[in-house]
Amino acid sequence: MWITTKEEPINYDKVHRCRYCDDIGSYNIVYTYQVLTLFFIPVWRWNKTYFAETTCCNKQFILDKTVGDMLRNGEDVEIVDSDLSEIY
Ligand SMILES: [Zn+2]
């Protein structure tokens, strides 16, 4: 039995004017989770979190799970400020 932390990049190519540095940027999004593996088969995933980082000034946020799930499913959603929680 192994417990590992996985990271998957999520494609996101929409641009916005950044309210922190006033530049035009996008977000790098990473989906992380911990997975319990039994005989090389993942049996349980938990601690699912989406992180977003601005490409312009590298400010980091936690992205709303619902929005993250939609992006991971390839849905056409745009990230707005209220979807992001700052990491202190
Ligand atoms: Zn910025």
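These remarks concern the structure in this document. Just so we're clear, the structure is a prediction, and the values are computed from it rather than from any experiment.

### As for the sheet that holds strand β5 (residues 41–54)
Item 1. An order of β1-β4-β5-β6-β7 is seen for the five strands of this open sheet, with the pairing classed as antiparallel. A single partner strand is all that each edge strand has here, and the edge strands are β1 (2–10) and β7 (84–86). Strand-to-strand twist across the sheet, computed as the mean angle between neighbouring axes with direction ignored, equals 35°.
Item 2. Pairing of strand β6 (residues 60–63) with β7, which is carried by three bridges, proceeds in the antiparallel orientation. Within β7, the residue paired with Phe 61 across the bridge is Glu 86.

### Some thoughts on the nonpolar core
Proteins that are soluble and globular tend to have nonpolar side chains buried together.
Item 1. One finds Tyr 27, Ile 29, Tyr 50, Ala 52, Leu 63, Val 67, Leu 71 and Ile 79 forming the largest nonpolar core, which totals eight residues.
Item 2. Mapped onto this core, the elements with two or more residues apiece are β4 (27–38), β5 and α1 (65–72).
Item 3. For Tyr 27, the contacting residues outside a window of four places in its chain are Tyr 12, Ala 52, Glu 53, Thr 54, Thr 55 and Ile 79.

### Comments concerning the environment of Arg 45
Item 1. Looking at where Arg 45 falls in the secondary structure, it is placed in strand β5.
Item 2. We classify Arg 45 as exposed; it has 11 C-beta atoms within 10 Å.
Item 3. For the pair Arg 45 and Lys 6, spaced 39 residues apart in sequence, the C-alpha separation works out to 9.7 Å.
Item 4. The residues touching Arg 45, leaving out its near neighbours within four places in the chain, are Tyr 33 and Val 35.

Scoring rules and cut-offs
Residues numbered from 1 in each chain as written. Predicted model: local features only at pLDDT ≥ 70, side-chain atom pairs only at ≥ 80, totals over all residues. Pairing = 2+ DSSP bridges. Helix = DSSP H or I, 4+ residues; strand = E, 2+ residues; numbered from the N terminus. Axes fitted to C-alpha atoms, helices over the stretch in contact; angles between N-to-C directions. Core = buried A, V, L, I, M, F, W, Y, C linked by C-beta atoms within 7 Å. Buried ≥ 20, exposed ≤ 12 C-beta atoms within 10 Å, placed from the backbone. Contact = placed C-beta atoms within 7 Å.

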